[in-house]
Amino acid sequence: MSQVDREALVAEAMLAPSVHNVQPARWRLAGADGLQLFEDPGCRLTVGDPGGNDAGISLGAAAEGLRLAAGRVGLVLVPAEPPAAEPGLRPVAGYRLVPSEEAPDPLASHVEARRSWRGTFAKPGAADREAVSALACENAAVLVDPEVLGGLARRFDRASFGFMHDRDFRGELLSWMRLTPRHPRWSRDGLNAEAMAMGRVEAWGAGLLLGRSFAAFDRIGLARPLLAEGAKVASAAGLVVFHRPSDEAPFDSGAHFYRLWLRLEAADFGAAVLAALADDREAAAEVARIAGVPGGRRVVSAFRIGRRPAGAMPERARRPIGEVLV
Ligand SMILES: Cc1cc2nc3c(=O)[nH]c(=O)nc-3n(C[C@H](O)[C@H](O)[C@H](O)COP(=O)(O)O)c2cc1C
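Since we're looking at a predicted model, the values are computed, not measured.

**Considerations on the site of the ligand**
Okay, so step 1: With respect to spatial proximity, 19 residues lie near the ligand, and among them Arg 114, Ser 116, Arg 118, Val 273 and Arg 318 are the closest.
Okay, so step 2: Between the ligand and the protein, one listed contact pairs an oxygen atom with a side-chain N or O atom of Arg 118 at 2.6 Å.
Okay, so step 3: A distance of 3.1 Å separates a nitrogen atom of the ligand from a polar atom in the backbone of Val 273.
Okay, so step 4: Taken by itself the ligand offers 620 Å² of open surface, and the protein chains cover 86% of this.
Okay, so step 5: Mapped onto the shell around the ligand, the elements with two or more residues apiece are α2 (53-72) and α10 (250-266).
Okay, so step 6: Among the elements that take part in the shell around the ligand, α2 stands out by supplying three residues, more than any other.
Okay, so step 7: Looking at the shell around the ligand residue by residue, the classes come out as eight nonpolar, five polar and six charged.

**A look at the pairing of strand β2 (residues 34-39)**
Okay, so step 1: The buried count for β2 comes to six of six residues, which makes it a mostly enclosed element.
Okay, so step 2: Residues Gly 34, Gln 36 and Phe 38 point to one face of β2 and Leu 35, Leu 37 and Glu 39 to the other, with burial holding for every one of them.
Okay, so step 3: Across six bridges, the pairing between strand β1 (residues 25-30) and β2 is antiparallel. Considered in β2, the bridge of Trp 27 is made with Leu 37.
Okay, so step 4: The hairpin turn running from β1 into β2, its antiparallel successor, is three residues long, and Gly 31 in that turn takes a positive phi close to 60°.
Okay, so step 5: Relative to strand β4 (residues 90-99), β2 runs antiparallel, the two sharing six bridges.

What counts as what
Residues numbered from 1 in each chain as written. Predicted model: local features only at pLDDT ≥ 70, side-chain atom pairs only at ≥ 80, totals over all residues. Heavy atoms only, no water. Near = heavy atom within 4 Å. Polar contact = N/O pair within 3.5 Å; in protein donor to acceptor, adjacent residues only side chain to side chain. Areas by Shrake-Rupley, 256 points an atom, 1.4 Å probe, with all protein chains shown as cover. Helix = DSSP H or I, 4+ residues; strand = E, 2+ residues; numbered from the N terminus. Nonpolar A, V, L, I, M, F, W, Y, C, P; charged D, E, K, R; others polar. Buried < 20%, exposed > 50% of the residue type's maximum accessible area, 1.4 Å probe, protein only. Pairing = 2+ DSSP bridges.

Shown next, in the form of structure tokens:
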């Protein structure tokens, strides 16, 4: 296999979702047909993700992205010796790319189109709710009742605000936000204003609110309503609750997370992750109860989904290949 072929596969793998779009995966071409996956620990969210759960999910999604990309060109991933530890890189997995007769995974054809949709969805009709209900599977419970969504929208805002109240959490989030196209990393990583569905004024306001002015806004009771996003949850066509075995490693859950998101895309739904519903323990317990998540499984994440209004899709911000090949 040529170097260029493998670089193209890595570039496709990098289209996978990652927390705050930090893109923690680093790749090394090994030998004639190998690829090694590392984590860049410098991308860890030490405040928001101290245990590395979100990093693990992100790395698992990237690995699944590689598997899907390889399948499209008639290759399968065979586990190989993981790389050795080295300064500044945490070894995650090693693979060999081997020719195969297997048909490509149909989900691979949705990789290019999938991206977060953080705007408001089109008003859902009965057919949309039915299509959402049809997405229920062994890894996903779905909720479509508008009253239930309204309740969970309030729960989401409470959980989110709980995290946002922590100054260090806000600081870390802000450090990954690119609030103006002048930011040097606007199209490379993190969350840019366009991806967050913010106009210029909103982006400027978000910088103020999450930065030094938070305490002032909070004192007069404005921080919470200004940060509230529940209305977008309440008006979604449905909520998809992603659950996996409680003892599963986040890396393994990450592959299923990406596959579920691609299934949503295949059904022509836009989706935004609502991690606060899974990360806040009380919220996760309530979601699990309402959605009927079976015992022994944990709520790993949740999505609000709906039909995207016609119009331009946000450009995807991704690191150039030179930043991820090590
Ligand atoms: C573990 C994990 C947690 C995430 N949490 C959130 C979240 O709370 N809110 C959100 O809007 N997006 C969340 N995302 C989505 C990422 O921000 C998104 O995938 C990333 O910015 C890349 O953009 P893309 O999905 O458009 O490719 C999460 C993704 C992962 C993998």
